Structure formats: structure tokens, C-alpha cells
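An overview of the molecular structure
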Amino acid sequence: MQLKIMPKKKRLSAGRVPLILFLCQMISALDVPLDLVQPPTITQQSPKDYIIDPRENIVIQCEAKGKPPPSFSWTRNGTHFDIDKDPLVTMKAGSGTLVINILSEGKAETYEGVYQCTARNERGAAISNNIVVRPSRSPLWTKEKLEPITLRSGQSLVLPCRPPIGLPPAIIFWMDNSFQRLPQSERVSQGLNGDLYFSNVLPEDSREDYICYARFNHTQTIQQKQPISVKVISVDELNDTIAANLSDTEVYGAKSSRERPPTFLTPEGNASNKEELRGNVLSLECIAEGLPTPIIYWIKEDGTLPTNRTFYRNFQKTLQITQVSEADSGKYQCIAKNALGVIHHTISVTVKAAPYWIMAPQNLVLSPGEDGALNCRANGNPKPKISWLSNGVPIEIAPDDPSRKINGDTIMFSSVQERSSAVYQCNASNEYGYLLGNAFVNVLAEPPRILTSTNTLYQVIANRPALLDCAFFGSPLPSIEWFKGTKGSALHEDPYVFHENGTLEIPVAQKDSTGTYTCVAKNKLGMAKNEVHLEIKDPTRIIKQPEYAVVQRGSTVSFECKVKHDHTLIPTVTWLKDHGELPSDGRFTIDKDHLVVADVSDDDGGTYTCVANTTLDNVSASAVLSVVDVPNPPFDLELTDQLDKSVQLSWTPGDDNNSPITKFIIEYENAMHEAGLWHHQAEVPGTQTRAQLKLSPYVNYSFRVMAENSLGRSSPSEASEQYLTKAAEPDKNPMMVEGLGSEPDNLVITWQPLNGFESNGPGLQYKVSWRQKDGDDEWTSVIVANVSKYIVSGTPTFVPYLIKVQALNDVGFAPEPAVVMGHSGEDLPMVAPGNVHVTVVNSTLAEVHWDPVPLKSVRGHLQGYRIYYWTDQNSSKRNRRHIEKKILTFQGSKTHGMLPGLEPFSHYTLNVRVVNGKGEGPASPDRVFHTPEGVPSAPSSLKIVNPTLDSLTLEWDPPSHPNGILTEYTLKYQPINSTHELGPLVDLKIPANKTRWTLKNLNFSTRYKFYFYAQTSAGSGSQITEEAVTTVDEAMASRQVDIATQGWFIGLMCAVALLILILLIVCFIRRNKGGKYPVKEKEDAHADPEIQPMKEDDGTFGEYSDAEDHKPLKKGSRTPSDRTVKKEDSDDSLVDYGEGVNGQFNEDGSFIGQYSGKKEKEPAEGNESSEAPSPVNAMNSFV
């Protein structure tokens, strides 16, 4: 019988790889129960290459198991190691582990050697690997005298380290006396051998404390080499040294090392070889010298570099490939390049391999009479040799066993018996190492037994694989069957998977997979069974995941994570940052489903993960937090390529704070002329870190740089070093040159001076030149200081001049300036315009014509002509006006113009004058013209006085502007009834000399509207409107009062009030019973006339209103402007309560009217009227 421990071969999807790994772990854990007889098995041993710390006791491990328990023995350097003879050596009880006590006495070197452990019982012997024990060593550097190194700037240099050989090899690094690591770069770097390489040296490389340190990790010690002194001499220093040793007649000079193409410092030559073992890290190195510093590139000649295993170290000078295999063999080429050339070096790589297992031998459990086999398959480069041992003895000399047969890497067993039990060792070795594997053959006859605990409960998440364990043992190998439920039949494949180790797999467990499962193991010696239980749970899900967030520094951000889970499981939610714990910071708070980060800083950026864990599953969701802000300011500003009119500025960008830099802004300060004031110089894209800047002469420049991204602009960088440019002649002349005279006999030349930045040098002055434009005179010039004005005296009046102003300084003159034209000073014009005549267009408009004056008489720039005009008095002798002159100017050389806005029927006088920059010339002779009559303005006022029952008296004031001789007045009027309808219009002419008029035979208690305007021979003027009401018959009013005091009338009113009260009670009862009660609707339809609004848009009263209708009635009118009727003087009339003539009675004295509040308003087609209702209307309203 053979117990196989590999699972049954079955094609599984990639998604089941974790399941396979789990099964393999479970299978490898299968073992023969320790209560059964079995050969020894080595369970723990020290490593093959065992380096010990000589300051501690030596412990060499060897643990094994077996039945009966094994005994242990050791060999040292191939011979038996008798531990009883050495008092410092003891073996742990029940173990083969050796403890060598060297702390009390003895030395570690005494016990250096090759050890092997053997564990033996009655069924066989297992052996350990050969354990090479060596103490660690950290030797000191040999003392040596190191001479100082002196070399010129630009030369290459190699500082050797040559550390002492230790065990294990030391880790090398370079530091100074202050234990600070020396900075390394593309120019300066440390090689794999520990040497420090300089591609070219600079003066700043000079120092006296280049120290190589060797750190031995095993003993935690550090050894140091003697300091190396390096002095780099610059060109200036070298020239000074040479000059001090030469006579005045000797020529001397030294140049710095010239620029040169690259050459390799290591490795040497054009090609080299490299051998590496499989599984190690392949490290290839190329370091080159040259000026400028070379850059290193790597390629593989016959293939491509592996993507995920290739790394570049030491500024690309070292190429590393991890987990190297035979496929990585080939030719690798390093390329060193600078501006002067390119060189190549080819490294041929060969990958060898120590032996590695393809199939290690596995334990065999066979029943008597069964067949079996042990396999031992290994590979390596070169191919390893396979040899077998039995119980630690080469099989060739081991006791013979007729049941076994050796066939290379396989031992075949047939019809085994109990005496066939043994431990076999397979050794696979080549020149690079060996493998040793122990595997026993154990012959047993055992009935089945289930090793899995009874009634084990398995809980699995739905839609995931369920693995039900049934670990078993038996010899011969038992068969396994699975059942579901107490009376279920045997389970078969699809949807189940049966593994040969007894495990039942349900690939996709569903809710209906819940239940009890029984595992039954059978062989010819018996049967065993076991029940397990399966529960299916709902998966844990994150239903609201955290989302990507971009926030500005200093703000607050919140991530949400809502979890849904099986109700029987209790989840725990954990937040991680960058896959680690959250910072222990009070700014991080977790509130139910939220993680809140307050006052976000740059360090808070990263990936935040919400992890929901239950005992069965876990889910996670992540979101990235990007903390953004304006960039940090640039730094390390450097000026290079310094020329007279340009310089190159370079800088190092500050952190962009997760928002890409879009541009850099460069500003400059002129410390010589405007210290502390920064000006814009240039802008460059955010991808550039240098700029070529144009400069002006004679400026002491400092520069600063600001970075800008989408959030804003950084603070300015620190200012660069100052750079003073050389002086030069001005490259521009003053702008805005003008020539204007301030007096008739001078020429004032002005200009805009150059600023200090534009002066280009010291001693800024101006050369001012002028000459008459139309003459043959030579240029007159004068040099003035740095001013902005020069006055030329004694010039003729208003003569054109040619002018130029040229800048100059101590270095020279600016380019020839442009010539501009100016004029000497102006004087007042000498001649008045002639032939002035006026054409009257209408009563308010006239046109004036004149002849131009000769240009020479203007004596300046002609600006135009100016007309003065005024009225002496109104044509009507009754209205004299104050004389006020008006002025109207016409630009340029116009010879005519219009005079608008004249007053009709007026006498006007005007004259014309010419105007230049100095002022006005003499006036032309006065011209007189008359404007014709026009229509008058509206009468100044209109009021209605003394209203009676059938008459109204109108009084008015004449128009304030008659604009002519009034011929008559026109009065139109018409009545207005209670529905706001206008009655027939009456037209009446009134003589012009009247200011009062009485209208008779009017209707009593009637409202009238009046339209009144004046007329001249030119037509009718604007009208004025007013309204008034005739009075009520006093006798009728008296009768009304008398009727109101009659007893029968009072009784009638009480009866009416009682009837109304009864009607209200009945309606109230009906309404409470659900009856229809439309009183509200009626109330809404007949709203109180007292509160009816006026038209809100213009406040008028309907059709007959206009803009003039709102004037208040004059004193004596019975209808004020708010359209209410004034209260009568009687104190005992019902009319008093209505504040108008609203209370009405019929002839028998009965009350048929109603009274209102202060305003009487009747709605009629959307308009309102304040007319008091007539008795008929009152009756209609009551009925």
C-alpha cells in the first residue's frame, strides 16, 4: 500500500490558485500518526553555511521525530564526534541539538568544522545536511601611510577602499570625520568593490577626511580606514603658483583639464565576463570618467531586459537583475556618453545553477505485499549527480534488500515486508552545491482512522469554495466516500471535487449547500466515519466606497465607507493609510461610516483603505487623497553664461504640491536705480528650469523666480546673486518730444526723460536741437542735464520749428533721434470775421454765416469760431428779461452754424470771434435779428371758486411764456356721471384780457372736467385741466334732516334691522347644516366701495383722467384732489357722517341711500369715480 500525498489532478481555473496553495499546505502537513511505529524524520536543523557569533555560545540544531523516539549522534569533519569527552559540549534532552559553551572558556575557532547529525530508531536512520560552522570575523585594516593626493580640476580620480576580508563580507560606505555620508552623484559614486570614483574633480571636492568604513553586521562592528586627503587645484591657483616661480620674462600659464570623451574606470577594456548562480541577484557595473560627466545606458544585445526584475542603481552605473535564471544569460552592453563621444563595454553573462529540486523524495507508507517507488529528481548547471543512501550509508554498501531495485533517480519496491522499512537519502550535487533529501519507507498494516475532529463546523461565504476536511490514515490506503444528510446517498462529481487527501470541495457554495456531511474511510482492515457541518453566510460588501478626493492644504476631507454583512457575523471596520495604520494624530477621527481628516497637511496625501473584516471574509475599498496647494518656491538659483547683454538663469523647482507647475515667472531688481522694487522679466513653461534672459547695460541685476499652478502662485524664491552689466551708450531717445510756446516769443521743448534703467550708463544728458522749418538756418543745439524741458527765447510768433532730442551718457550718444515739428508761442488773433449775416429758420432756430479770417491773422492754431448772442428784451413790452449772453463755439474752420433753443417773439443780438490757443480775437460788428411768434405755454394756474347749485367760477393766471400776443382763451368742459362716462363737450372762447369767468345753468350736484388753454396768432398752447362739482339743493338737504328725525322713520329702520338680523340667523343655521350660503361670494362681488383701490399704475379714475387730472382744487372747491367730497358745515346732518352729499331720502321721507367713508369709489369697468350718487342711483343700489 502506498500513501500518496499529491491531490488528484484536475484542471482548475486561475481563480482557484489560492485554493491549490491551501491544499498543498494541508497535504504537506499529512503525516503518519505519532502513535504508530515509524522511522525518524528530521524536523529542524541549522543552515548548511552556519556563521556563528564568537561572543555567544554555539548552538547547532538537530530535531527529529519517530516511533520509537530516535536517538542522536554527530560526526565532525567526517568522523564520530564524541560529545561525552568534551565538557563544553552538551546535547539537549530529547533532542539532537548541540550546545557548546564557549562563554566560560574555549574559543569559537576550536569548534570550526563540518557537522552532521544522525537520528536513529529500530526502523531506520535519518541524517542532516553537512553543517559548516564558522565564526564570524571583523578584522582591522592594516596600517598604511596614505599620501595626500593633489590634482588639477577636471581630472578623474579613484580612492581605493580595499576593506579587510571578513566573514560575512563587510558593507562599505564613505563618510567624513563627522560621520556624515559623503554626497554622491553621476559624477561621484561608490563602486561595487567599495572604491570611490570621480569622473572629474572640482575644487569643492577638496577635503582631508575621505574615510572608507566597513560595517560587519554579524558582530555589529564598524572598522574605518585612515583618512585620505584630496586637494583639487583650480586654474587660477595653478597660474599663481607657476608665476611665483618664474621670472618676469618667462611665459607661464596653465589650463584646466580639457574636455574629453569618456573612458571606463571599471571594468577595463572593451569586454569582460561575469558568472552568476541561478536565483541570485546579477549585478553589472560600468563607471566612466570624462569631461563633461558621462551618462551610462544599458542594453542586452540579444534580447530585452526583463521588465519586472531589472533595477538601476548608483545613478544607472549598476544594472541589477533579481531572481536570475539561465534565460538571463547573454551579452549585456553598457554605453558611456558625453558631448564629445560614446564608448561601449560588453559583459558576457553566464548563469550557472547549484542543484535544485524538481521532485524531492516523499515518504512512503506501504502495507505488507504492496509495491511502491521513491523518486528523486533535481536539476542544475552543470547537471547534478544523483546518489542514494540507506539509513545514512551509501546504498552500495548498505544491507541488501530483495524488495528494492535502484534505477538512477528512482528506487522501485515490490512485495515489501516489515523488514523493508528504512530511511533513504537522495543526494544531488554538482560543483556549486548539493541537495540532501530524507524519505522513509514504512511498512504497516492499519485499519482506517479519521484524523479530522468530529462535528467540525465550517462556515463559508456564499459563492466561494467550501473545503470540508477529512484527514485520514490507513494501510492499505483507505477509499473515501462523502454523504450529505443522515439518509443521503453518496456524493458524486459535479458539482463536487474529491481530493485524494480526503477533502471534499464544493467549488461554488450556495445557500442550499448548508447541511451535515459525512466522510467514510474504508480498507480491507475496517471502516471509519466522521460528520462535519457546513453553514453558508452572506458575503460582506461595501455598498458605499470612499471616493478620490483632491483638497487644498489646511482643509478638511471626509471618506465614507458603508458596509453590509451577514446578520450572524460581526464586522470590524479598519482604516489604513498606504496599507499601514493611521497616524496617531487627533486630526484623524472615525465616526460611524466616515473617516474625517482635519487640517490636511502634505503628509496626509496617499491611499486610504477601508477594510471590513469578519471571521470568514474581508473586503476593502480604497481612495486616493491628493493634497494640493500652490507650489513651494524654487531654490538654488544660479547665473551662468554671463555676457554683456544676456545671462542664463537656472533653478530647482520646489514641490508642486500635487498640482503640476504650469509656468515660472522671473522678476528682476535693479539694485542701482530702484532697490527693493521688483519688475517682471520673463515667463517660461513649467517644464523648463532655465531661461536665457536679455539684459540692459549698467544695471545691477538680482533675479527671483516664482512657480505657478492651477491653485495660484508660490512665494518668491530667494534672490540670486547680483550681476552688474557694463555701461553702454543709450540705445533709445526720449519719447513724447513736443514743441509749444508758452509766450508769443518763445518755444518750450519738452520730452519724457529716460529712467535710470534706460540710461545704460552714468552721466545721462540730452542734446536738444531746433531750427525753423521753412528757413535755411542750421541746427542750433544745446546739451542739458537730465531734465525734461528746455525753453528757447526770442522766437517769432507762431513759427513752425523742427525739433529733436538725443540722449547721451559718459559712454556715448544714442542713435540719431526722430525729428518732430513744433510751433513757437501763439498771440491773440488780430482780425474779426467779416460779412456776418443771420437767417431765421423758425421761432426757436436761426442760422449764422460769416467769412473766415486770413490764417496769418490767427497767429496760432485755429481752434474755431465763437458766437456770442443775447436778447435785449422780449418783443412784448410787458415782459422784460435780464440780459444774459450765451456762447456757442464751432470747431475748426467752419463758416456757418445753427443757433438752437431761441425764444420766440424776441429781439436777438450776436457777434462772431475767431479763437486760437491763446484766446479770442476781436468781435465782429453786432448783428440784430428777430424771432417770430410761437404758441404760448399753458396758463400759469387755474382754480374753481364759489361753486353754487348751477354755477362755477373759474380764475386763472396768464401763461408765463406767451411767446407772442395772446388773441384769446379756449375753455372746454363736459360733465362726468356716476359710471365715469363723459358727457357732451362744450367749447367756449374767452377774450384774452380776461382772468375770471363764471359758468351758469349747470346741473346741481354734478362733476365737471375743464380743459383750458391760450392762443396766439401762431396757434394754441398747452392746456391745463381741472375738475369741480356743483353743490346740492339746500332745501332738499334740510328736508332730509327733518325726515331723519321723524319717529316713523326710526321705527322703519329698526324693523329693517330686525329683519336683517333674522335673515342672518337663518342663513347661519343653514350653513351649519351644510346648506349653500353664498353671502361670502356676494360680499366679494360687492366689496365695500370705501376700500376699492385706485388704479395703481397711474392713480387715475378711468377713462376721463389724464396727466393733468391730479391737481388739487383751489380754495373754495367742494371736491379736493383726492376725489372726496368735503363735509358740509352743518353739524346735525347725516351728510356729516358720509363726508359728502351721499345720504339721500325720497319724497315721503324714507331712507333710500347709503353713506360711505372718506372716499367714495364706485367700480365701473375697472375704473373708479368719486362722484356722489344721485337719488336714483342710491335707490338702485339699495334694491
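Residues numbered from 1 in each chain as written. Predicted model: local features only at pLDDT ≥ 70, side-chain atom pairs only at ≥ 80, totals over all residues. Heavy atoms only, no water.

Within an unreviewed UniProt entry, the label attached to the protein chain reads Neuronal cell adhesion molecule, and the organism entered is Pipistrellus kuhlii. Check the Subcellular location (unreviewed entry) section of the UniProt entry for the protein chain; it says "Cell membrane". Per UniProt, the protein chain carries the Sequence similarities (unreviewed entry) text "Belongs to the immunoglobulin superfamily. L1/neurofascin/NgCAM family." (UniProt positions renumbered as here; feature names shortened; annotations may be inferred.)

A few words on the confidence of the model for the protein chain. For the protein chain, per-residue confidence averages 84 on the pLDDT scale, and 84% of positions sit at 70 or higher. pLDDT under 50 marks residues 246-256. Its contacts with residues more than four places away, or in other chains, come to 16 contacts. Confidence drops under pLDDT 50 across residues 1075-1183; counting only partners more than four residues distant or on other chains, this segment forms 191 contacts. (pLDDT = per-residue confidence, 0-100. Contact = heavy atoms within 4.5 Å.)

Turning to the sheet that holds strand β35 (residues 410-413), a few remarks are in order. Read across the open sheet, the 3 strands follow the order β30-β35-β34; overall the sheet is antiparallel. The sheet terminates laterally at β30 (372-375) and β34 (404-407), the two strands that pair on one side only. Ignoring strand direction, the axes of neighbouring strands in this sheet form an average angle of 20 degrees. (Pairing = 2+ DSSP bridges. Helix = DSSP H or I, 4+ residues; strand = E, 2+ residues; numbered from the N terminus. Axes fitted to C-alpha atoms, helices over the stretch in contact; angles between N-to-C directions.)

In this model, Leu291 is joined to Pro292 through a cis peptide bond whose omega is 0 degrees. Mapped onto the secondary structure, Pro292 falls in the loop between β23 (287-291) and β24 (295-300). Put simply, Asp494 and Pro495 share a cis peptide bond, and its omega is 10 degrees. By secondary structure assignment, the location of Pro495 is in the loop between β42 (479-484) and β43 (497-498).

On inspection of all chains with the given rule, the structure shows 34 salt bridges. In this structure, the salt-bridge partner of Glu708 is Lys663, at a minimum N-O distance of 3.8 Å. Note that Glu708 is positioned in strand β62 (residues 700-709) and Lys663 in strand β59 (residues 663-670), a separation of 45 residues in sequence. We classify Glu708 as buried; its relative accessible area is 17%. Glu667 is paired through a salt bridge with Arg704; the nearest N and O atoms lie 2.9 Å apart. Taken together, the residues Glu667 in strand β59 and Arg704 in strand β62 connect sequence positions 37 residues apart. Since its relative accessible area comes to 13%, Glu667 is described here as buried. (Salt bridge = Lys/Arg side-chain N within 4 Å of Asp/Glu carboxyl O. Buried < 20%, exposed > 50% of the residue type's maximum accessible area, 1.4 Å probe, protein only.)

A separate point is the state of the cysteines. Applying the stated criterion across every chain, the model contains 6 disulfides. The disulfide partner of Cys286 is Cys334, and the S-S distance across this bridge is 1.9 Å. Around the S-S axis, the bridge from Cys286 to Cys334 shows a dihedral of about -70 degrees and counts as left-handed. Of this pair, Cys286 sits in the loop between β22 (282-285) and β23 while Cys334 is found in strand β27 (residues 330-338), placing the two residues 48 residues apart along the sequence. Note that Cys470 is cross-linked by a disulfide to Cys519, the S-S spacing being 1.7 Å. Between Cys470 and Cys519 the disulfide shows an S-S torsion of about -60 degrees. By sign, it is left-handed. Of this pair, Cys470 sits in the loop between β40 (466-468) and β41 (472-475) while Cys519 sits in strand β45 (residues 515-523), placing them 49 residues apart in sequence. In terms of burial, Cys470 and Cys519 fall into one category: buried. (Disulfide = S-S within 2.5 Å.)

Let us look at the sheet that holds strand β49 (residues 557-560). Pairing is antiparallel in the open sheet, where 3 strands are placed in the order β49-β54-β53. Lying at the two open borders of the sheet, with one neighbouring strand each, are β49 and β53 (588-591). The mean angle between the axes of side-by-side strands here comes to 20 degrees, regardless of whether they run parallel or antiparallel.

This part takes up the packing of aromatic side chains. In the structure shown here, the tally under the stated rule is 24 aromatic pairs. Ring centres of Phe81 and Tyr115 lie 5.8 Å apart, and the angle between their planes is 80 degrees; on these two criteria the pair is classed as edge-to-face. One end of the pair, Phe81, is in the loop between β6 (79-80) and β7 (89-91); the other, Tyr115, is in strand β9 (residues 113-121), with 34 residues separating them in the sequence. The exposure class of Phe81 is buried, given its relative accessible area of 10%. Take Tyr115: its relative accessible area is 0%, and that puts it in the buried class. When the centroid spacing of 5.5 Å and the interplanar angle of 65 degrees are considered together, the rings of Trp956 and Tyr969 count as edge-to-face. Of the two residues, Trp956 sits in strand β80 (residues 952-959) while Tyr969 sits in strand β81 (residues 966-976), which places them 13 residues apart along the sequence. Among the aromatic residues, those joined into a cluster by ring pairs are Tyr668, Tyr701, Phe703 and Phe757. Positioned above the aromatic ring of Tyr868 is the side chain of Arg913, whose terminal nitrogen or guanidinium carbon lies 4.2 Å from the ring centre. (Phe/Tyr/Trp six-rings, centres within 6.5 Å; stacked < 30°, edge-to-face > 60°. Lys NZ or Arg CZ within 6 Å of the ring centre and 35° of its normal.)

In this section: a nonpolar patch on the surface. A cluster of nonpolar side chains, contributed by Leu1058, Leu1059, Leu1061, Ile1062, Ile1065, Val1066, Phe1068 and Ile1069, occupies part of the molecular surface with about 770 Å² of accessible area. Structurally, Leu1058 is set in helix α5 (residues 1047-1072). (Patch = residues over 30% accessible without salt bridge, like charges linked within 9 Å, V, L, I, M, F, W, Y side chains within 5 Å. Areas by Shrake-Rupley, 256 points an atom, 1.4 Å probe, with all protein chains shown as cover.)

In terms of nonpolar packing, the biggest core is built from 31 residues, with Ile58, Ile60, Trp74, Ile100, Tyr111, Tyr115 and Val133 touching the most fellow members. Going through the elements one at a time, β2 (49-52), β3 (58-60), β4 (62-67), β5 (71-76), β8 (98-100), β9 and β11 (131-135) are the ones with two or more residues in this core. By residue number, the principal contributor to this core is β9, which donates 3 residues. Filtering out sequence-adjacent residues up to four positions away, Tyr111 remains in contact with Ile58, Arg76, Asp86, Leu88, Val89, Ile100, Ile102 and Val133. Formed by 22 residues, the second largest nonpolar core is a distinct cluster that contains Cys470, Trp482, Ile506 and Ala521. (Core = buried A, V, L, I, M, F, W, Y, C linked by side-chain atoms within 4.5 Å.)

Attention now moves to the pairing of β27. Where burial is concerned, most of β27 is hidden: 7 out of the 9 residues are buried. As paired strands, β27 and strand β28 (residues 341-359) are joined by 9 bridges and run antiparallel to one another. When the sheet's bridge partners are listed, Lys337 is paired in β28 with Val342. Linking β27 back to β28 in an antiparallel pair, the connection comprises 2 residues.

All right, on to the environment of Pro633 then. Within the secondary structure, Pro633 is located in the loop between β56 (618-628) and β57 (635-640). By relative accessible area, which is 31% here, Pro633 ends up partly exposed. The spacing of Pro633 and Arg713 is 80 residues in sequence and 8.8 Å in space, taken between C-alpha atoms. For Pro633, the contacting residues outside a window of four places in its chain are Gly654, Ser714, Ser715, Pro716 and Ser717.

Time to look at the side chain of Ser95. Tracing the sequence through the fold places Ser95 in the loop between β7 and β8. Classification of Ser95 by relative accessible area gives buried; the value is 6%. A polar contact is formed between the side chain of Ser95 and the backbone nitrogen of Thr97, at a distance of 3.0 Å. Residues contacting Ser95, with those up to four places away along its chain left out, are Cys62, Glu63 and Phe72. (Polar contact = N/O pair within 3.5 Å; in protein donor to acceptor, adjacent residues only side chain to side chain.)

Turning our eyes to something else, we now look at the side chain of Gln1015. As for its position among the elements, Gln1015 is in strand β84 (residues 1007-1016). The exposure class of Gln1015 is buried, given its relative accessible area of 14%. Here Ser1020 takes part through its side chain, which lies 2.9 Å from a polar atom of the side chain of Gln1015. Apart from residues lying up to four places away in sequence, Gln1015 is in contact with Pro936, Ile965, Leu966, Thr967, Glu968, Thr970, Lys989 and Ser1020.

Tracing the chain through its elements places Val819 in the loop between β70 (800-808) and β71 (820-823). Along the backbone, Val819 and Lys804 are 15 residues apart, and their C-alpha atoms lie at a distance of 4.9 Å. Beyond its immediate chain neighbours, meaning those up to four positions away, Val819 contacts Trp779, Leu802, Ile803 and Lys804.

Below, the discussion takes up the environment of Lys1009. Counting through the fold element by element, Lys1009 comes out in strand β84. Residue classification places Lys1009 among the buried residues on the basis of a relative accessible area of 0%. The spatial distance from the C-alpha of Lys1009 to the C-alpha of Glu1027 is 4.4 Å, given a sequence separation of 18 residues.

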